[in-house]
Amino acid sequence: MSPDPGADKWADQWARIARWFTLLSKTNAGRPHHRESDYYRDEAYSFFQNAYHFKDWLKNDPAVSARVSDVESVVAGSQNLRLCGDLCNGSKHLRLTAPKESADTKLGKQEFRLAVGGESPIISAKYEVNSGGKAYDASTLAQACMA
């Protein structure tokens, strides 16, 4: 289904974020396992990259840019969005040169559970976000970013 050409452009990015969030949530809860585990970690990074760049879509969409002129201050005022920004930029650029929260922010511990016995194995992958000596649940952080 193609987007409505008259729709706000930011809505395209929001829909993309929602799709990545759905994948991340399904993987966290458990879903059929049919590929290498690294793909599940990639989904987490993809969610945080797309979520963080939503601010740029809002700033660059003429239909809403005047109404969201404070989007950078909103991001700066939210620890969840700062962590999201550091995950995004750290995974895109190898290292953070201008961290929003902490230069050491990254996906850390990963926990996989595999259930066998049905038609296909079910995998659950849970990730931890490490930043500034603290650990955060990646799924909880993603939910907070969506809010």
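Above this note sits the structure.
Worth saying up front: this structure is predicted, and the values here are computed from it rather than measured.

### Overview of helix α1 (residues 9-29)
Stage number 1. Relative to the 30 Å expected for 21 residues at 1.5 Å per residue, α1 spans 31 Å between its end C-alpha atoms, a close match to the ideal helical length.
Stage number 2. Of the residues making up α1, those classed as buried are Q13, I17, F21, L24, T27 and N28. Mapping the buried residues of α1 onto a view down its axis gives an arc of 125°, with all of them on the same face. The exposed set on the far side of α1, more than 90 degrees from its buried face, consists of R19 and A29.

### Here's the deal with the layout of surface pockets
Stage number 1. Considered as a void within the structure, the largest pocket measures approximately 270 Å³ in volume.
Stage number 2. Residue lining of the largest pocket: 18 residues in total, with F54, L58, V71, V75 and L81 positioned closest to the centre.
Stage number 3. Every element with two or more residues in the lining of the largest pocket is listed here: α1, α2 (38-52), α3 (54-60), α4 (71-76) and α6 (138-146).

### Points about the pattern of salt bridges
Stage number 1. Applying the stated criterion to the full structure yields eight salt bridges.
Stage number 2. R31 serves as the salt-bridge partner of E43, at 2.8 Å between the closest nitrogen and oxygen. Note that E43 is positioned in helix α2 and R31 in strand β1 (residues 31-32), a separation of 12 residues in sequence.
Stage number 3. With a relative accessible area of 2%, E43 lands in the buried category.
Stage number 4. Residues E72 and K55 are paired through a salt bridge, measuring 3.0 Å at the closest nitrogen-oxygen approach. Pair noted here: E72 is in helix α4 and K55 is in helix α3, with a separation of 17 residues, a long-range link.

### A few points about the packing of aromatic side chains
Stage number 1. Across all of its chains, the model carries five aromatic pairs by this definition.
Stage number 2. The interplanar angle of 65° and the centroid separation of 6.2 Å between the aromatic rings of W10 and F54 together place this pair among those described as edge-to-face. Within this pair, whereas W10 is found in helix α1, its partner F54 is found in helix α3, the two being separated by 44 residues in sequence.
Stage number 3. Geometrically, the ring pair formed by F47 and F48 is edge-to-face, given 5.1 Å between the ring centres and 75° between the ring planes.

What counts, and at which threshold
- Residues numbered from 1 in each chain as written.
- Predicted model: local features only at pLDDT ≥ 70, side-chain atom pairs only at ≥ 80, totals over all residues.
- Heavy atoms only, no water.
- Helix = DSSP H or I, 4+ residues; strand = E, 2+ residues; numbered from the N terminus.
- Expected span 1.5 Å × (residues − 1).
- Buried < 20%, exposed > 50% of the residue type's maximum accessible area, 1.4 Å probe, protein only.
- Arc of directions from axis to C-beta.
- 1 Å grid on protein atoms, 1.4 Å probe; cavity = no way out; pocket = protein on both sides within 12 Å on 5 of 7 lines; lining within 4 Å.
- Points joined across faces, edges and corners; volume = space filled by probe spheres on them.
- Salt bridge = Lys/Arg side-chain N within 4 Å of Asp/Glu carboxyl O.
- Phe/Tyr/Trp six-rings, centres within 6.5 Å; stacked < 30°, edge-to-face > 60°.

Read these as spatial facts, not as claims about activity.
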